[in-house]
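# Structure at a glance
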Amino acid sequence: MLVVAAVAFLSLLNSCEPPVRLSASWVRKDILPQRFSKILVVSLGKDMEKRRLGEDQIRAELLRRGQTAVTSLSEFGPDFAAMDTARMRQVLLDRQFDGVVTVRVLNVNERDRWVPTAGVYGPVGYYRGFYGYYYRFGGYYYESGYVVTDVEVLLESNFYKVGTGELLWSGQSKAFYRNPTAATAGRYARNIVGDMVEKGVLERNYER
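Here goes a summary of the coordinates provided. (Residues numbered from 1 in each chain as written. Predicted model: local features only at pLDDT ≥ 70, side-chain atom pairs only at ≥ 80, totals over all residues. Heavy atoms only, no water.)

## Describing the layout of surface pockets
By volume, the largest pocket amounts to about 460 Å³. Mapped onto the lining of the largest pocket, the elements with two or more residues apiece are helix 2 (48–64), strand 4 (99–115), strand 7 (146–161) and helix 6 (182–198). The residue makeup of the lining of the largest pocket, split by class, is 12 nonpolar, 3 polar and 6 charged. Taken as a whole, the second largest pocket holds about 400 Å³ of empty space. Taken together, the elements giving at least two residues each to the lining of the second largest pocket come down to helix 4 (85–94), strand 4 and strand 7. Taken together, the residues that form the lining of the second largest pocket break down as 9 nonpolar, 4 polar and 5 charged. (1 Å grid on protein atoms, 1.4 Å probe; cavity = no way out; pocket = protein on both sides within 12 Å on 5 of 7 lines; lining within 4 Å. Points joined across faces, edges and corners; volume = space filled by probe spheres on them. Helix = DSSP H or I, 4+ residues; strand = E, 2+ residues; numbered from the N terminus. Nonpolar A, V, L, I, M, F, W, Y, C, P; charged D, E, K, R; others polar.)

This is how it looks when you write it as structure tokens:
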């Protein structure tokens, strides 16, 4: 009984997390799965905390999949993404990186939505025959309802081979939150890295 209750509680917690899903992905058809020697994870954007959270979670998932990975913030600091492409590629080659994962926000849509409620409230303390009196003179009223804001964030993830500059894999994801938690960022990382493994971009290794 306790086990059932615990499982139900965990399911409830998971259901409270805003969802994130991989909606589409593309992969080169002529590549073979490989184990990259050193992958750099780069999250693009101005919010440093969101960048750090995204990079850390993707790095953790790559490590779990048997790949060696480093975050751009730990390796180069916050200004690395501002480098021009040619200089960036040379820096990566000099430091023996052979793969790069990039993440960026493509678009954010917000829409206010009215949510009516079915709740009906009556007067407190009415007594039998006085029911009609309260009803006729507005003693009953409907709950006013409320407005919620639906958020949809479109994310793009790309995986490049440093030596040739080729795009090997690209994915688009939809997230329904503005401020990710460690749990939702972790789910996002599992989605994209798992797809790269399934599509044959990354060599399938025993998970750590």
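## Description of the nonpolar core
Judged by nonpolar contacts, the single largest core of 26 residues is most densely connected at Ile39, Ile58, Leu62, Phe159, Met196 and Leu202. Elements with a contribution of two residues or more to this core: strand 1 (20–27), strand 2 (39–43), helix 2, strand 4, strand 7, strand 8 (166–175) and helix 6. A total of 6 residues in this core trace back to one element, the largest contributor, which is helix 6. Among residues more than four places away in sequence, those in contact with Leu202 are Pro33, Gln34, Phe36, Ile39, Leu62, Gln67, Phe159, Val193, Met196 and Val197. In terms of nonpolar packing, the next biggest core, distinct from the first, is built from 9 residues, Val42, Val91, Phe97 and Val100 among them. (Core = buried A, V, L, I, M, F, W, Y, C linked by side-chain atoms within 4.5 Å. Buried < 20%, exposed > 50% of the residue type's maximum accessible area, 1.4 Å probe, protein only. Contact = heavy atoms within 4.5 Å.)

## Some words on the pattern of salt bridges
Side-chain pairs of opposite charge can arise where the charged atoms are in close proximity. For the coordinates displayed, the defined rule picks out 8 salt bridges. One salt bridge connects Arg28 with Asp30, and the closest N-O pair in it is separated by 2.9 Å. Note on Asp30: relative accessible area 56%, which makes it exposed. Measuring nitrogen to oxygen at the nearest pair gives 3.2 Å for the salt bridge that ties Glu198 to Arg204. The burial state of Glu198 is the same as that of Arg204; both residues are exposed. What you see here is one network of salt bridges that share partners, running through Arg28, Asp30 and Glu166. (Salt bridge = Lys/Arg side-chain N within 4 Å of Asp/Glu carboxyl O.)

## Re the packing of aromatic side chains
Tallied over the full model, the rule gives 3 aromatic pairs. Where Phe36 meets Phe159, the ring centres are 5.0 Å apart and the plane angle is 75°; that geometry is what we call edge-to-face. Linking Phe36 in the loop between strand 1 and strand 2 with Phe159 in strand 7, this pair joins segments that are 123 residues apart in sequence. According to the relative accessible area criterion, Phe36 is buried, its value standing at 0%. Geometrically, the ring pair formed by Phe76 and Phe80 is stacked, given 4.3 Å between the ring centres and 15° between the ring planes. An aromatic cluster is present here, built from Phe76, Phe80 and Phe97 joined pairwise through their rings. (Phe/Tyr/Trp six-rings, centres within 6.5 Å; stacked < 30°, edge-to-face > 60°.)

## Side note on helix 4
Where helix 4 starts, the residue carrying a side-chain oxygen 3.3 Å from the main-chain nitrogen of Ala86 turns out to be Asp84. The positive-phi residue at the C-terminal boundary of helix 4 is Gln96, with phi of around 65°. (Polar contact = N/O pair within 3.5 Å; in protein donor to acceptor, adjacent residues only side chain to side chain.)

## Quick look at the side chain of Glu156
With respect to the helices and strands, the residue Glu156 is situated in strand 7. Judged by its relative accessible area of 15%, Glu156 is buried. At 3.3 Å, the side chain of Glu156 and the side chain of Asn158 are in polar contact. Setting aside residues no more than four positions away along its own chain, Glu156 makes contact with Thr102, Val103, Arg104, Leu106, Ser170, Gly171 and Tyr188.

## What to know about the packing of helix 2 against helix 6
Between helix 2 and helix 6, whose axes approach to 8 Å, the crossing angle comes to 50°. Judged on the interaxial angle alone, helix 6 and helix 2 are oblique. As helix 2 packs across helix 6, the resulting crossing turns out to be right-handed. Facing Leu53, Gln57, Ile58, Glu61, Leu62 and Arg64 of helix 2, the residues of helix 6 in contact are Ala182, Ala185, Gly186, Tyr188, Ala189, Arg190, Ile192 and Val193. Tallied by class, the residues present in the contact of helix 2 with helix 6 amount to 9 nonpolar, 2 polar and 3 charged. (Axes fitted to C-alpha atoms, helices over the stretch in contact; angles between N-to-C directions. Parallel < 35°, antiparallel > 145°, perpendicular 65-115°, else oblique. Left-handed = near helix turned anticlockwise from the far one by under 90°.)

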